[in-house]
Amino acid sequence: MSFWLSGLSFLLITIPPNGRTVGKGTGRFLGEITQGFRFILNRRHFRSLIVFASAANFVASPMAIFTVVYARQVLHGSSSLYGLLEVALLSGGILGSFAAGKYSSKLRLSQVVVALVGSGCAVAGLGLVVNRLFATGFLVVFSGVLALLNIPFITSLELLAPDDIRGRVVQSAFLLIGGVTTPIGLVVGGWMMTTFGVRTVLVAMWALLICFAGIGTQVRAFKEDAALSMGFNKRSKNV
């Protein structure tokens, strides 16, 4: 029933005509992706943001399969506990997204540091404290602080791209950040959990997330680009 309702909901979405011709086929798709890639490669600040986000996403992506392994191997729980941990992850993301949308009008360097340090500490807590209640809380914190960063970060990518090719640039950026690094991160994370154990993966994730917090303070785009340091009221194409 849920799939039927999800499918029917698309019928309620209205898209105003934009006056542009719509091409068909793989060629059109590849052409748009190529144009987005070209824009990213030719803009130094935009390129550095994509590299930084892709690397951080690679480190955090094993969390997509982490809860089922953690619930069984560490907490020795059933499928109901796994469901509770998944709810905790989703709840944290919703709360963080709401807070970011309501209170964050621009991407600040402090948000990058707080999100990566906070998520790293939450991961460390999962490895140190074997308790169902604390595990639920740590997962809420993990996804919540990352959402506080993701919302303004995605906004920055959209506003740093010119109006006429924004969709292509954002599509290419998401492909690089999530479409490439997420599958690789899942494979590597799953192999590490099987070979070295869940807690070893947690320690590795904690160390890398803390390192990325320090690296983030050196990403020049966060400090030099006017649209990132002063907000998004004025859109800058010279990135």
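Data block above holds the structure.
Residues numbered from 1 in each chain as written. Predicted model: local features only at pLDDT ≥ 70, side-chain atom pairs only at ≥ 80, totals over all residues. Heavy atoms only, no water.

## Observations regarding unusual backbone geometry
The residue H76 is not glycine, and still its phi comes out positive at about 55 degrees. You can call H76 exposed: its relative accessible area is 61%. (Buried < 20%, exposed > 50% of the residue type's maximum accessible area, 1.4 Å probe, protein only.)

## Some details on the nonpolar core
Most often, soluble globular proteins have nonpolar side chains that are buried together. Membership of the largest hydrophobic core comes to 35 residues, with the highest contact counts inside it found for F66, Y70, L126, L139 and F142. Contributions of two or more residues to this core are made by helix 3 (44–60), helix 4 (63–73), helix 5 (79–103), helix 6 (109–128), helix 7 (132–160) and helix 9 (198–216). The element that contributes the greatest number of residues to this core is helix 9, accounting for 7 residues. Other than its neighbours up to four places away in sequence, F66 contacts L126, L139, M193, V198 and L202. With 14 residues, the next largest nonpolar core counts I40, L49, L160 and A173 among its residues. (Core = buried A, V, L, I, M, F, W, Y, C linked by side-chain atoms within 4.5 Å. Helix = DSSP H or I, 4+ residues; strand = E, 2+ residues; numbered from the N terminus. Contact = heavy atoms within 4.5 Å.)

## Quick look at the packing of helix 5 against helix 7
Their axes nearest at 7 Å, the elements helix 5 and helix 7 cross at an angle of 35 degrees. Crossing geometry of helix 5 relative to helix 7 is assigned as right-handed. Within the contact between the two elements, helix 5 uses L81, L84, L85, A88, L89, G92, G93, G96, S97, A99, A100 and G101 and helix 7 uses R132, A135, T136, L139, V140, F142, S143, G144, A147, L148, I151 and P152. Among the residues forming the contact of helix 5 with helix 7, the class breakdown is 15 nonpolar, 8 polar and 1 charged. (Axes fitted to C-alpha atoms, helices over the stretch in contact; angles between N-to-C directions. Left-handed = near helix turned anticlockwise from the far one by under 90°. Nonpolar A, V, L, I, M, F, W, Y, C, P; charged D, E, K, R; others polar.)

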